[in-house]
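# Reading the structure
Chain by chain, the residues run as shown.
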Amino acid sequence: MMLVADVMFVNGLPFLVTLSRGISLVMIEYLPLQTVNRLLHTLDRVMQIYSKAGFVVQTALMDMEFEKIKDEVGLVEINTTAAREHVAEIERDIRSTKERCRCIRADMTFLNQLKYINKWIVIHMVYFAKTMMNAFPAELGISDRWSPREIVTGRRLDAERDLKA
């Protein structure tokens, strides 16, 4: 399986975004630090989630900023882009995620009165937006019946549990 990764910034907060080709599951993880150890640890957690589901990550496409971890990752072949280039698949998904976050923020009328939004609200808004995007079957995914989230984690979206207001 091939994994595509990049770092997304929302209100200055960094998030590691990974996209699996074929399954079309996008995972987002908040990065409090962008050190080599933190990137490796977060990337390892993502690969463990896929391995629990029976998928083996063989190749990872990443931006130039991941060049520093290229030698540290053992069993995964990492291909990085050239300078000033990006991986188009993940960039498109980052734009859609940010757009969904803007929609969620627009619906939260109490946030319009604030000058500053707490970082934890931003982090959980990004997680919620991506959870909802992963909860329904993807157009380019491997199944038109099951969502990418359900394929990898085995958990179906439950409105009473996951959509509490």
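What counts, and at which threshold
- Residues numbered from 1 in each chain as written.
- Predicted model: local features only at pLDDT ≥ 70, side-chain atom pairs only at ≥ 80, totals over all residues.
- Heavy atoms only, no water.
- pLDDT = per-residue confidence, 0-100.
- Helix = DSSP H or I, 4+ residues; strand = E, 2+ residues; numbered from the N terminus.
- Buried < 20%, exposed > 50% of the residue type's maximum accessible area, 1.4 Å probe, protein only.
- Pairing = 2+ DSSP bridges.
- Expected span 1.5 Å × (residues − 1).
- Arc of directions from axis to C-beta.
- Contact = heavy atoms within 4.5 Å.
- Core = buried A, V, L, I, M, F, W, Y, C linked by side-chain atoms within 4.5 Å.
- Phe/Tyr/Trp six-rings, centres within 6.5 Å; stacked < 30°, edge-to-face > 60°.

### What about the confidence of the model for the protein?
- When the pLDDT values of the protein are averaged, the result is 81; 92% of them are 70 or greater.
- Confidence scores differ between elements of the protein, with strand β5 (residues 77-80) showing the lowest mean pLDDT of 72 and strand β3 (residues 26-30) the highest of 91.

### Some details on the pairing of strand β2 (residues 13-20)
- Burial analysis of β2 places eight of its eight residues in the buried class, the great majority of the element.
- On β2, burial covers both faces: L13, F15, V17 and L19 on one face and P14, L16, T18 and S20 on the other are all buried.
- If you look at the hairpin formed by strand β1 (residues 2-10) and β2, you'll find two residues sitting between the two strands, and N11 has a positive phi there, around 55°.
- Pairing of β2 with β3 involves five bridges; the strand directions are antiparallel. Within β3, the residue paired with L19 across the bridge is V26.
- Counting the residues in the hairpin turn of β2 and β3 gives five residues, including G22, whose phi is positive at 95°.

### Regarding helix α2 (residues 88-107)
- For α2, which comprises 20 residues, the first-to-last C-alpha distance of 29 Å matches the rise-based estimate of 28 Å (1.5 Å per residue) to within 8%.
- Buried within α2 we find I90, E91, D93, I94, T97, C101 and I104. Down the axis of α2, the sector holding all buried residues measures 160°, keeping them to one side. Seen from the buried face of α2, the exposed residues on the opposite side, beyond 90 degrees, are A88, R92, R95, R102, A106 and D107.
- On the buried face of α2, the contacting elements are β1, β2, β3 and α3 (119-134).

### Details of the side chain of T18
- Its location among the elements puts T18 in strand β2.
- In this structure T18 comes out as buried when scored by relative accessible area, which is 1%.
- When neighbours within four sequence positions are excluded, T18 is seen to be in contact with L3, V4, A5, L25, V26, M27, L43, V46 and I90.

### A look at the environment of I90
- Here I90 lies in helix α2.
- Spatially, the C-alpha atom of I90 lies 21 Å from that of P32, the residues being 58 residues apart in sequence.
- Excluding residues that lie within four positions of it along the chain, I90 makes contacts with V4, D6, V17, T18 and L19.

### Regarding the nonpolar core
- L43, Y50 and M62 are the most contacted members of the largest nonpolar core, which has 24 residues in total.
- Those elements that provide at least two residues to this core are β1, α1 (36-52) and β4 (59-62).
- Top contributing element to this core by residue count: α1, with six residues.
- Counting residues in each nonpolar core, the second largest holds 23 residues, with V26, Y30, I94 and A129 among its members.

### Thoughts on the side chain of T59
- Secondary-structure assignment places T59 in strand β4.
- With sequence-adjacent residues up to four places away left out, T59 is seen in contact with M1, M2, L3, V76, E77 and N79.

### What to know about the packing of aromatic side chains
- Taken as a whole, this structure holds three aromatic pairs when the rule is applied.
- Judged by centre distance (6.1 Å) and plane angle (65°), the ring pair of Y30 and W120 falls under edge-to-face. In this pair, Y30 sits in strand β3 while W120 sits in helix α3, placing the two residues 90 residues apart along the sequence.
- By relative accessible area, W120 is classed as partly exposed at 46%.
- One aromatic cluster is present, built from ring pairs that chain together F15, Y30, W120 and Y127.

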